[in-house]
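Here is what each chain is made of, one letter per residue.
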Amino acid sequence: MALRLPTAKDLHRLAKANHFQLNDEEMESFQALIPSLFESYELLDQMPLPREPLKYRDRDPGRRPPRQEDPFNAIVRRCTLRGAPSGKLAGKRFGLKNNICVAGMPMSCGSLVLDGYIPDTDATIVTRLLGAGAEVVATLNLDNFAFSGAGDTSALGAVLNPHNLDHLAGGSSGGSAAALYYDDIDITIGGDQGGSIRIPASWCGVVGHKPTHGLVPYTGIVGIDNTFDHAGPMARTVADAALTLQVISGKDSLDPRQGEVPVQAYTEALGRGVKGLRIGVMTEGFGASGSEPDVDAAVRNAVAVFDSLGAQTTEVSVPDHREAGGIVWGLLAEGATALLQSNGMGYHWEGLYNPGLVETLGKSLRAQSNDLPPTVKLVLLVGSYMAERYHGRMYAKAQNLRRVLRAGYDRALGQVDILAMPTTPVKAHKHEPDLDTRGIIAHGWDMLGNTAPFDMTGHPAINIPCGKSDGLPVGLMLVGRHFDDATLFRAAQAFEQHVNWETL
């Protein structure tokens, strides 16, 4: 199909959007020059894209299960995608957050805006899972465009908490946490930009690991900002999470988020116990405004277990932690706005682009933006205003200040091996279907205080369930040095093996 040339009206409109005017001579000259420029675009448009053939073709997109088969509303589709006949993950059944590209499988990111989109390629981590013998059996529900930590903004409905259906599973990877309570799903993959793996892991009582930034390739996954996009494993056991990370981590030449990627033998860290490990209980992770005292108490009781297992625990302080919200918001609002305004693509990076997703999202955003959730609408309004009014200065300042924040945690991690604190300051929110806009936004972002800073600094962090209060799980978060994810698995498994968290 021939590309349409811009009209004079288009050129005047675009000039105004770029803050200049066209005089008659310029208009005449540009209209004469543009057809020859578009000959190059026509040539580009006719060039076939190179595509790697799908190695694993045994796949069935399946169906959306009826609610009686999915009481938590965790599953978008039951599906079948079989990988290699043998490997480290042979026999393991996986669910994937529905912002991860799987060729032939509908992917909506929990939004009506992408309803009907079907990727034509697999994300890098999908290829790695299949190559290790995994079977993908479900795609999983998530908050609308992954912009909430509560679990209730998906166009497919809220994800409910397996421990109490009157409460939410958390977000944005709520389906990836709740689905682990189904017998036919062993391990899931979630994504994390503000806590979206660890929040639902905490609220649902499962293991959720946010790897060091860049350790796991993000190629083929819908993100928010290249500088803090993370994907990682969620599981019922630490061992399954460590095994999964061992398979999906490592260098991918198609992912611009990665630099050097030192990997570890994560499963070999298991079973070593915690004797001699130094665990710093981070003062600023407790007692924040809005914290629930029973959550803080349960986490402190859990930390005491490490003492009994031979670790050395001590209080440490990182004052900048309490002020990290300014950096988080400075990066999130303009970063997400820039990505959405470029149709989910961004510019100026070398790697694998997804033209089909870019075109689908671009068309849908122009036709269906009213279907965006309040969280995304607010981010777009504020991000656009800040970029227009302050010309990117606040985003640039936040990017520079994240190094200061990172250095503060690194200083503490020079004194101890691991930082410990509550994953979320509160237990799972009650499901309130009739919340107004202000309520949806407030309870979608009020649990990020301990999780989001480590997305900005890239430190690895893991949630392990450490207790229950009022029938709802409480999560302990352990944070480690960059690319020392193995030590987190070591400590988390030692706790897991010695504690029945549901009775602690």
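Notes on the structure in this doc start here. (Residues numbered from 1 in each chain as written. Predicted model: local features only at pLDDT ≥ 70, side-chain atom pairs only at ≥ 80, totals over all residues. Heavy atoms only, no water.)

## Examining the sheet that holds strand 14 (residues 472–479)
Turning to step 1, where the next piece is worked out: Taken together, 12 strands build an open sheet; the order of strands is 1-2-4-3-7-9-8-13-14-12-10-11 and the sheet is mixed. Either end of the sheet is taken by a strand with one partner, and the two such strands are strand 1 (59–63) and strand 11 (312–316). Taken pair by pair, the neighbouring strands of this sheet meet at an average axis angle of 25°, ignoring direction.
Turning to step 2, where the next piece is worked out: In this sheet, strand 9 (residues 230–235) lies alongside strand 8 (residues 207–210) in antiparallel orientation, the contact comprising two bridges. Along strand 9, the bridge assignment pairs G208 with M234.
Turning to step 3, where the next piece is worked out: Together, strand 3 (93–97), strand 7 (187–192), strand 8, strand 9 and strand 13 (461–469) form the strand contacts of helix 6 (residues 238–248), whose direction differs from that of strand 9 by roughly 145°. (Pairing = 2+ DSSP bridges. Helix = DSSP H or I, 4+ residues; strand = E, 2+ residues; numbered from the N terminus. Axes fitted to C-alpha atoms, helices over the stretch in contact; angles between N-to-C directions. Contact = heavy atoms within 4.5 Å.)

## Topic: the packing of aromatic side chains
Turning to step 1, where the next piece is worked out: Tallied over the full model, the rule gives seven aromatic pairs.
Turning to step 2, where the next piece is worked out: Look at F72 and Y182: their rings are 5.1 Å apart centre to centre, the planes differ by 5°, and that puts the pair in the stacked class. Of this pair, F72 sits in the loop between strand 1 and strand 2 (75–82) while Y182 sits in the loop between helix 4 (174–178) and strand 7, placing them 110 residues apart in sequence.
Turning to step 3, where the next piece is worked out: Sitting above the plane of the F286 ring, R300 keeps its charged end 4.0 Å from the centroid.
Turning to step 4, where the next piece is worked out: A cation sits over an aromatic face here: R389 above Y390, 5.1 Å from the ring centre. (Phe/Tyr/Trp six-rings, centres within 6.5 Å; stacked < 30°, edge-to-face > 60°. Lys NZ or Arg CZ within 6 Å of the ring centre and 35° of its normal.)

## Some remarks on the packing of helix 6 against helix 14 (residues 485–498)
Turning to step 1, where the next piece is worked out: Packing of helix 6 against helix 14 brings their axes to within 9 Å, and their N-to-C directions diverge by 160°. Considered as vectors, helix 6 and helix 14 are oriented roughly antiparallel to each other. In this structure, helix 6 crosses over helix 14, and the sense of that crossing is left-handed. Residues V238, A241, A242 and L245 of helix 6 pack against D485, F489, A492, Q493 and E496 of helix 14.
Turning to step 2, where the next piece is worked out: Of the residues in the contact of helix 6 with helix 14, the class split is six nonpolar, one polar and two charged. (Parallel < 35°, antiparallel > 145°, perpendicular 65-115°, else oblique. Left-handed = near helix turned anticlockwise from the far one by under 90°. Nonpolar A, V, L, I, M, F, W, Y, C, P; charged D, E, K, R; others polar.)

## What to know about unusual backbone geometry
Keep in mind that most residues, glycine aside, have a negative phi and that most peptide bonds are trans.
Turning to step 1, where the next piece is worked out: At the junction of G171 and S172, the peptide bond is cis and its omega measures out at 5° in the coordinates.
Turning to step 2, where the next piece is worked out: For A146, which is not a glycine, the phi torsion comes out positive at approximately 65°.
Turning to step 3, where the next piece is worked out: Mapping A146 onto the fold places it in the loop between strand 4 (135–140) and strand 5 (160–161).

## Structural notes on the pairing of strand 12 (residues 418–422)
Turning to step 1, where the next piece is worked out: For strand 12, a buried count of five out of five residues is recorded, marking the element as mostly surrounded by other parts of the structure.
Turning to step 2, where the next piece is worked out: Across three bridges, the pairing between strand 10 (residues 278–282) and strand 12 is parallel. Bridge pairing links I279 to I418 in strand 12.
Turning to step 3, where the next piece is worked out: Both strand 12 and strand 14 contribute to a ladder of four bridges, which runs antiparallel. Pairing of M421 across the sheet is with M477, part of strand 14. (Buried < 20%, exposed > 50% of the residue type's maximum accessible area, 1.4 Å probe, protein only.)

## Considering the packing of helix 3 (residues 124–131) against helix 6
Turning to step 1, where the next piece is worked out: Viewed as axis vectors pointing N to C, helix 3 and helix 6 meet at an angle of 110°, and their least axial separation amounts to 9 Å. In terms of their interaxial angle, helix 3 and helix 6 are classed as roughly perpendicular. Note that helix 3 runs across helix 6; the crossing there is right-handed. Two secondary-structure elements touch here, helix 3 through I125, R128 and L129 and helix 6 through T244, V247 and I248.

## Quick word on the pairing of strand 7
Turning to step 1, where the next piece is worked out: Of all six residues in strand 7, six are buried; the element is thus mostly enclosed.
Turning to step 2, where the next piece is worked out: Burial along strand 7 is two-sided: I187, I189 and G191 facing one way and T188, G190 and D192 facing the other are all buried.
Turning to step 3, where the next piece is worked out: The sheet contact formed by strand 3 and strand 7 spans three bridges and is parallel. Note on strand 7: the bridge partner recorded for G95 is T188.
Turning to step 4, where the next piece is worked out: As paired strands, strand 7 and strand 9 are joined by six bridges and run antiparallel to one another.

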